[in-house]
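Understanding the architecture of this molecule
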Amino acid sequence: MPEVLSTGSVAVLFFLSNQFISGLSDDTPSMKNTTGDNHTSSHLGTGTVVLIICLAIVVILLFSLFLFKLYQKKKREEQYARLLKLFEEDDELEDHNLDQNHLVGCPGHC
């Protein structure tokens, strides 16, 4: 069964991605273009937006996977409880039948 990332791992991943994004969008004086060409800065802004969207999609997918695994575990536990209940009811019926056979005086196993 694949291991699902814990909440702490997702938080660390989110923190690192925010650090990476803030590093990309850092406007230092050496990076500014004095000729008025904004093509580079708009490209950087578009790249940042695309990166944020990709990270958001990854986080949503990981969260969905986590919820799905949690749902599967809950369903499995419910099915197991139903199975145990079925066997308990079967044992009760068998015990009841044995008691009735014993009272009637059925020889051997009936």
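Everything here concerns the structure above.
Below is a short write-up of the structure. (Residues numbered from 1 in each chain as written. Predicted model: local features only at pLDDT ≥ 70, side-chain atom pairs only at ≥ 80, totals over all residues. Heavy atoms only, no water.)

Across its full length, the protein holds two helices and zero strands. For the protein, the residues scored as buried account for 3% of the 110 residues in total. Of the accessible surface of the protein, which amounts to about 9,700 Å², a share of 65% is contributed by carbon and sulfur atoms. (Helix = DSSP H or I, 4+ residues; strand = E, 2+ residues; numbered from the N terminus. Buried < 20%, exposed > 50% of the residue type's maximum accessible area, 1.4 Å probe, protein only. Areas by Shrake-Rupley, 256 points an atom, 1.4 Å probe, with all protein chains shown as cover.)

This paragraph deals with a negative patch on the surface. Taken together, the side chains of Glu88, Glu89, Asp90, Asp91, Glu92, Glu94 and Asp95 make up a negatively charged region of the molecular surface. Examined against the element boundaries, aspartate 91 turns out to sit in helix H2 (residues 39-104). (Patch = residues over 30% accessible without salt bridge, like charges linked within 9 Å, V, L, I, M, F, W, Y side chains within 5 Å. Salt bridge = Lys/Arg side-chain N within 4 Å of Asp/Glu carboxyl O. Lys, Arg positive; Asp, Glu negative; His and termini not counted. Charge placed at Lys NZ, Arg CZ, Asp CG, Glu CD.)

Here the structure, examined in full by the defined rule, presents one salt bridge. With a closest N to O distance of 3.9 Å, glutamate 78 and lysine 75 form a salt bridge. Note that glutamate 78 and lysine 75 are positioned in helix H2 at a spacing of three residues, about one turn of the helix. The exposure class of glutamate 78 is partly exposed, given its relative accessible area of 34%.

Looking now at a nonpolar patch on the surface. A cluster of nonpolar side chains, Tyr80, Leu83, Leu84, Leu86 and Phe87, forms an exposed patch at the surface whose accessible area comes to about 520 Å². Summarising the element assignment, leucine 84 is placed in helix H2. Look at leucine 84 and you get partly exposed, because its relative accessible area is 38%.

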